[in-house]
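Structural overview for review
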Amino acid sequence: MKTLIHPTAVIHPKSELHHTVQVGAYAVIGEHVKVGPETIIGAHAVLEGPCEIGAQNQIFTGAAIGMEPQDLKFVGEPTWVKIGDNNLIREYVTINRATGAGEATVIGDGNLLMAYAHVAHNCVIEDQVVIANSVALAGHVHIESRARLSGVLGVHQFVHIGRQAMVGGMARIDRDVAPYMLVEGNPARVRTLNLVGLKRSGMDSTDLQMLKKAFRILYRSNLPFKDALEELELLGNSEQLQHLRRFLLLSQMPGRRGLIPGRGRKGVSDES
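Conventions we followed
- Residues numbered from 1 in each chain as written.
- Predicted model: local features only at pLDDT ≥ 70, side-chain atom pairs only at ≥ 80, totals over all residues.
- Heavy atoms only, no water.
- Helix = DSSP H or I, 4+ residues; strand = E, 2+ residues; numbered from the N terminus.
- Rg over C-alpha atoms; globule rule 2.2 N^0.38 Å.
- Contact = heavy atoms within 4.5 Å.
- Areas by Shrake-Rupley, 256 points an atom, 1.4 Å probe, with all protein chains shown as cover.
- Lys, Arg positive; Asp, Glu negative; His and termini not counted.
- Charge placed at Lys NZ, Arg CZ, Asp CG, Glu CD.
- Pairing = 2+ DSSP bridges.
- pLDDT = per-residue confidence, 0-100.
- Buried < 20%, exposed > 50% of the residue type's maximum accessible area, 1.4 Å probe, protein only.
- Core = buried A, V, L, I, M, F, W, Y, C linked by side-chain atoms within 4.5 Å.
- Domains from an automatic or database assignment.

Glancing now at the overall build of the protein chain. A count of helical and extended segments in the protein chain gives 4 helices and 27 strands. For the protein chain, the C-alpha radius of gyration of 20 Å lies close to 19 Å, the compact-globule estimate for 272 residues. Referenced to the eigenvectors of the C-alpha coordinate spread, the extents of the protein chain come out at roughly 65 × 40 × 30 Å. Sequence-distant contacts in the protein chain: of pairs separated by 6 or more residues, those separated by 24 or more amount to 32%. When the accessible surface of the protein chain is totalled, it reaches about 12500 Å², and 53% of it is carbon and sulfur. Charged side chains in the protein chain number 28 positive and 27 negative. The centres of these two groups are separated by 7 Å.

Here is the structure:
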């Protein structure tokens, strides 16, 4: 164990580190931190808690994980950061604990968070998500699996970004991004399907054609929201279409921010 932990690292005796964890020079690990097998913690990284980190993660230089949330509502209640397995958390990434007793900021498995990304309180990042450099997620953002966020963009609090969506760099994301779509610009607009990402994922050609039809209904037909959903029902009942319809419906619920509209037309979220 001594060979895996640099002698300058400061590790609280009550923290729980698997014996295969590696800790770099001048890293600081607090009392309520638990780290799973074969995770590597880089030099000058700081981990506070309560914080649970799974197996085979790599946390690079200067990352700060488990700090108190940057939220004036926080009054010291017990909250968490929970991180799964096989994540790459690059230099100077910040991941804050949640607000609200018993709540957690959650990161799943197989994600890549590039340098200087910020994950605020109560965010949920599912699996195999890529978040590029200097992306800032406000509180309560939810990012579904295999989404891609390009660099230097901001995501408003309570926004949801759908499965396998792609968001272009330097955008301002203030409403929900529907699954499988490509969004870019300022103001952000849905431009097309995330065709490159969907093809790379190995999506079946029949399912891809159905999503192309769904895109035309939602963003090229000028149909009101309810009529567009009815047209989607007629397309079929594939898993992708079910997920898309469910996401669209939930985006209209109280507490959600509605949908980013298409290019040059009324948004699909409008009820008129």
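This part covers the sheet that holds strand 23 (residues 160-161). With parallel pairing, the 8 strands of this open sheet are ordered in space as 2-5-8-11-14-17-20-23. If you trace the sheet from one side to the other, it starts and ends with strand 2 (16-17) and strand 23, each paired once. Pairing of strand 8 (residues 51-53) with strand 11 (residues 80-83) involves 3 bridges; the strand directions are parallel. Bridge assignment links Ile53 to a residue of strand 11, and that residue is Ile83.

Turning to the confidence of the model for the protein chain, a few remarks are in order. Mean pLDDT for the protein chain: 95, with 96% of residues reaching 70 or above. The lowest-confidence element of the protein chain is helix 3 (residues 225-235), averaging 94 in pLDDT; the highest-confidence one is strand 17 (residues 124-125), averaging 99.

What follows concerns the side chain of Asn194. By the secondary structure assignment, Asn194 is in the loop between strand 27 (189-193) and helix 1 (195-200). With residues up to four places along the chain from it excluded, the contact list for Asn194 reads Gln164, Ala165, Met166, Tyr180, Met181 and Leu182.

Once that is clear, we can look at the pairing of strand 14 (residues 104-107). Note that strand 11 and strand 14 share 4 bridges and pair parallel. Pairing of Trp80 across the sheet is with Ala104, part of strand 14. Relative to strand 17, strand 14 is paired through 2 bridges, and the arrangement is parallel. Its bridge partner lying in strand 17, Ile107 is registered against Ile125.

A separate point is the environment of Gly62. Relative to the elements of secondary structure, Gly62 occurs in the loop between strand 9 (58-59) and strand 10 (64-67). Judged by relative accessible area, Gly62 falls into the buried class, the value being 15%. Note: C-alpha distance between Gly62 and Ala43 (19 residues apart in sequence) is 6.6 Å. When sequence neighbours within four positions are dropped, the list of residues in contact with Gly62 reads Ala43, His44, Ala45 and Tyr92.

Now for the environment of Ile41. For Ile41, the location among the structural elements is in strand 6 (residues 40-41). Residues Ile41 and Arg163, spaced 122 residues apart in sequence, show a C-alpha to C-alpha distance of 29 Å. Sequence-distant contacts of Ile41, defined by excluding residues within four places in its chain, comprise Val21, Gln22, Val23, Gly24, Ala27, Ile29, Val35, Leu47 and Ile59.

Ranked by internal contacts, the top residues of the largest apolar core, which has 72 residues, are Ile41, Ile95, Leu137, Ile143, Leu149, Ile161 and Ile173. Those elements giving two or more residues to this core turn out to be strand 5 (33-35), strand 8, strand 11, strand 26 (181-184), strand 27, helix 2 (205-219), helix 3 and helix 4 (239-250). Residue contributions to this core peak at 8 residues, all from helix 2. In this structure, this core is formed jointly by two domains, domain 1 (8-139) and domain 2 (198-249), each of which donates at least three residues.

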